[in-house]
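# Geometric and topological summary
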Amino acid sequence: MSKVSLTRSGVLIIVPAYNEEESIGPFLETRSLSQIAMQADWLIVNDASTDQTAVIAGKYDVKVISQVYNMGYGAALQLGYKYAVEQGYEYVLQLDADGQHDIRNLDLVYKRLTDEENPYDIVIGSRFLEKSVSYPIDPLRKMSILFFRTVIKWVGKADISDPTSGLQGLGKTAFEYYAKFGQFDYKYPDVNMIMQMLLQGFKIAECEAIMHPRKAGVSMHVGIWKPCKYIVLMFLSTINAIARNN
C-alpha cells in the first residue's frame, strides 16, 4: 500500500461488508447526517461478496478494498487497521454496513474518543445506556450479552453494557495493537477482544447509540444454531484471552 497525504481529519471510518448490496447504498447515502462522516476518509472492506456490494460501494466517494477470499468479519476489520497504520491515521471509527448502526453515532463515538480531559483508547457505542435508542432483541441474544457483561465485570473489572457491539472508535495505540499478527481475532472479534484489551491496560468507555433493525440481507446471528455456536465459540475465545493475558 502506497503512502498518501491525509486531506481530511486524520480519521478513517472502516466498514466491513459481505453481501450487503441491498443495504450499502442506502447506508452510504446517510453520511450527510454526520459531521465526522463527511470529514473523515472511508474504507469499505468487501469480504469477497458474491453480490454487487463492491460495485455499489464504488459509486460513492469511498475507498473499496476487496478480499480475494471470504476471510470473515475480523479479518476484514484487521485489514482496515493495517491500512490505517500504513496510511498514518490517528483515529479509526468502525460500524457495520447493514444500516443497523445509525450514522449519527459516529459523532458521539468520536467526541468521547477525542475528549482531551478524559481520553480513551476504545469507545463502544452501546444500545443499553440511558439515552440510547434501540430495537427489541431476542431473548437468547439478550441472555448472552448479560452473561458476557458479567464475565467482563468479574474478570476485567469494568462495566461494559454492550460488549458485542460492532460500533467502536479506536485511538492509534489501540488499532496499532490490533494490526499486529496474533493480537486480533480474525474470526470473532467481540467480547474476547474487549477482555484482552482491558487486561492489557487499555482504557475503554461507552457512549449512547442509536440502533435500527436490519431492513435487508441476512444477519450472521439468524436462527438458533448460529447464535448458540457463536456463544460457545465466544466463551472459549474469551477464556483463552483471559489465560493469555494473566
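Throughout what follows, the structure given in this document is the object of discussion. (Residues numbered from 1 in each chain as written. Predicted model: local features only at pLDDT ≥ 70, side-chain atom pairs only at ≥ 80, totals over all residues. Heavy atoms only, no water.)

### Some words on the environment of Asp107
Mapped onto the fold, Asp107 is located in helix α5 (residues 105-113). Residues Asp107 and Ala37, spaced 70 residues apart in sequence, show a C-alpha to C-alpha distance of 7.8 Å. With residues near it in sequence (within four places) discarded, Asp107 still touches Leu33, Ser34, Gln35 and Ile36. At 3.2 Å, the side chain of Asp107 and the side chain of Ser34 are in polar contact. (Helix = DSSP H or I, 4+ residues; strand = E, 2+ residues; numbered from the N terminus. Contact = heavy atoms within 4.5 Å. Polar contact = N/O pair within 3.5 Å; in protein donor to acceptor, adjacent residues only side chain to side chain.)

### Observations regarding helix α8 (residues 191-199)
Most of α8 is tucked away, with eight of its nine residues classed as buried. Burial in α8 covers these residues: Val191, Asn192, Met193, Ile194, Met195, Gln196, Met197 and Leu198. Gly201 sits one or two positions beyond α8 and adopts a positive phi of about 95°. (Buried < 20%, exposed > 50% of the residue type's maximum accessible area, 1.4 Å probe, protein only.)

### Some points on the packing of aromatic side chains
What the rule picks out here adds up to ten aromatic pairs. Within the aromatic cluster, the residues linked to one another by ring pairs are Tyr81, Tyr177, Tyr178, Phe184 and Phe202. (Phe/Tyr/Trp six-rings, centres within 6.5 Å; stacked < 30°, edge-to-face > 60°.)

### Examining the pairing of strand β2 (residues 41-46)
Counting buried residues along β2, six of its six residues qualify, which places the element largely inside the surrounding structure. Here β2 shows a buried face lined by Asp41, Leu43 and Val45 and a second buried face lined by Trp42, Ile44 and Asn46. The pairing of strand β1 (residues 11-17) with β2 spans six bridges and is classified as parallel. Directly across from Leu12, in β2, lies its bridge partner Asp41. Two elements, β2 and strand β3 (residues 63-66), share four bridges in a ladder whose sense is parallel. Looking across to β3, one finds that Ile44 is bridged to Val64. (Pairing = 2+ DSSP bridges.)

### A few points about the packing of helix α6 (residues 139-156) against α8
Direction vectors running N to C along α6 and α8 enclose 15°, while the axes themselves pass 10 Å from each other. The orientation of α6 with respect to α8, classified from their angle, is roughly parallel. Along this stretch, α6 crosses α8, giving a crossing that reads as right-handed. Packed against α6, whose contacting residues are Phe148, Val151, Ile152, Val155 and Gly156, the element α8 presents Val191, Ile194, Met195, Leu198 and Leu199 at the interface. When its residues are assigned to classes, the contact of α6 with α8 shows nine nonpolar, one polar and no charged. (Axes fitted to C-alpha atoms, helices over the stretch in contact; angles between N-to-C directions. Parallel < 35°, antiparallel > 145°, perpendicular 65-115°, else oblique. Left-handed = near helix turned anticlockwise from the far one by under 90°. Nonpolar A, V, L, I, M, F, W, Y, C, P; charged D, E, K, R; others polar.)

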